[in-house]
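# Residue-level structure breakdown
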Amino acid sequence: MNSLVIYFVGSLLRILQFMFFARAIMSWFVQGSDSKIYEFLCLVTEPVIQPFRSLLSRVSALRNCPFDFAFMLAFFVLIVLEQIVYML
């Protein structure tokens, strides 16, 4: 039972990572940013990114940066969480 839960949580984290990756790729293209798939990806991934965005907004040097460090930090945390889950 325990291994089933670990596998399920790890799989969910992997799917969320894939959604992050798809959102990042689609944001590079104008046609991708207007699609329903992109809207769905934003709807699913934004609740994960928002706490990091509010945390990083306190750092004045990152406010006007062209890179979305909150997105990258959230993606990195998902990877670390997945590794922790699989170590259990």
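I will try to describe carefully the structure that is included in this document.

Calculation notes
- Residues numbered from 1 in each chain as written.
- Predicted model: local features only at pLDDT ≥ 70, side-chain atom pairs only at ≥ 80, totals over all residues.
- Heavy atoms only, no water.
- Salt bridge = Lys/Arg side-chain N within 4 Å of Asp/Glu carboxyl O.
- Helix = DSSP H or I, 4+ residues; strand = E, 2+ residues; numbered from the N terminus.
- Buried < 20%, exposed > 50% of the residue type's maximum accessible area, 1.4 Å probe, protein only.

## Topic: the pattern of salt bridges
- Per the counting criterion, the structure on display carries four salt bridges.
- Note that Glu-82 is salt-bridged to Arg-14, the shortest N-O span being 2.9 Å. You can see Glu-82 sitting in helix α4 (residues 69–87) and its partner Arg-14 sitting in helix α1 (residues 2–27), a full 68 residues away along the chain.
- Put simply, Asp-68 and Arg-53 hold a salt bridge, and the shortest N to O gap is 2.7 Å. Residue Asp-68 is found in the loop between α3 (36–56) and α4, and its partner Arg-53 is found in helix α3; the two are separated by 15 residues along the sequence.
- Accessibility expressed as a relative area gives 32% for Asp-68, which makes it partly exposed.
- On the basis of relative accessible area, Arg-53 is assigned to the partly exposed category, the value being 27%.
- It is possible to trace a salt-bridge network through shared partners that takes in Arg-23, Glu-46, Arg-53 and Asp-68.

## Re the environment of Lys-36
- By the secondary structure assignment, Lys-36 is in helix α3.
- In this structure Lys-36 comes out as exposed when scored by relative accessible area, which is 65%.
- Taking the C-alpha atoms as reference points, Lys-36 and Ser-60, 24 residues apart in sequence, are found 33 Å from one another.

Nothing here speaks to function; it is geometry throughout.
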